[in-house]
Amino acid sequence: MNSVEIEKKYLLRHLPGDLENYPCHEIEQAYLCTDPVVRVRKEDETYYLTYKGKGMLMREEYKLPINR
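Residues numbered from 1 in each chain as written. Predicted model: local features only at pLDDT ≥ 70, side-chain atom pairs only at ≥ 80, totals over all residues. Heavy atoms only, no water.

**Comments concerning the overall build of the protein chain**
No. 1: Of regular secondary structure, the protein chain possesses 0 helices and 5 strands.
No. 2: The N-to-C order of helical and strand elements in the protein chain reads β-β-β-β-β.
No. 3: The globule rule puts the C-alpha radius of gyration for 68 residues at 11 Å, and the 15 Å found for the protein chain is more than 25% above it.
No. 4: The principal-axis extent of the C-alpha atoms belonging to the protein chain is close to 40 × 30 × 20 Å.
No. 5: Per-residue burial for the protein chain yields a buried fraction of 18% across its 68 residues.
No. 6: If you take every contact in the protein chain between residues at least 6 apart in sequence, the share linking residues at least 24 apart comes to 25%.
No. 7: A total of about 6200 Å² of accessible surface is found on the protein chain, and carbon and sulfur atoms cover 57% of it.
No. 8: Positive and negative side-chain charges of the protein chain, numbering 11 and 12 respectively, have mean locations separated by a distance of 6 Å. (Helix = DSSP H or I, 4+ residues; strand = E, 2+ residues; numbered from the N terminus. Rg over C-alpha atoms; globule rule 2.2 N^0.38 Å. Buried < 20%, exposed > 50% of the residue type's maximum accessible area, 1.4 Å probe, protein only. Contact = heavy atoms within 4.5 Å. Areas by Shrake-Rupley, 256 points an atom, 1.4 Å probe, with all protein chains shown as cover. Lys, Arg positive; Asp, Glu negative; His and termini not counted. Charge placed at Lys NZ, Arg CZ, Asp CG, Glu CD.)

Take a look at the structure:
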C-alpha cells in the first residue's frame, strides 16, 4: 500500500475519563533504521513493514503486510 503521511501532533490538557468506551488498537513497533525510516509494526494481530520517504511534515509511506 502506498500513501502520503501527514504528520500532526496535538497537546492534550487532560484525557477523557471514559477511555474504555472508545475504539482502540493495540500497537507494538520497532524501528530497523531511521535514515531512511524502516519500521515493523504489530497492530492487533496484523503485521506490517513500513518504509517512509524523505520529509518532515508530509512524506510518502509504503506499508507492506508481513507474516509473524
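**A few points about the side chain of Arg 39**
No. 1: Tracing the backbone shows Arg 39 in strand β3 (residues 37-43).
No. 2: For the buried Arg 39, which has no salt bridge, the nearest side chain bearing the opposite charge is Glu 61, at an N-O separation of 4.4 Å. (Salt bridge = Lys/Arg side-chain N within 4 Å of Asp/Glu carboxyl O.)

**Considering the packing of aromatic side chains**
No. 1: Inspection of every chain in the model, using the stated rule, returns 1 aromatic pair.
No. 2: Residue placement shows Lys 63 over the ring face of Tyr 48; its charged tip is 4.2 Å from the ring centre. (Phe/Tyr/Trp six-rings, centres within 6.5 Å; stacked < 30°, edge-to-face > 60°. Lys NZ or Arg CZ within 6 Å of the ring centre and 35° of its normal.)

**A few points about the side chain of Lys 52**
No. 1: The topology assignment puts Lys 52 in strand β4 (residues 46-52).
No. 2: Exposure remark for Lys 52: the relative accessible area of 6% places this residue in the buried category.

All quantities given are derived from atomic positions and should not be read as evidence of function.
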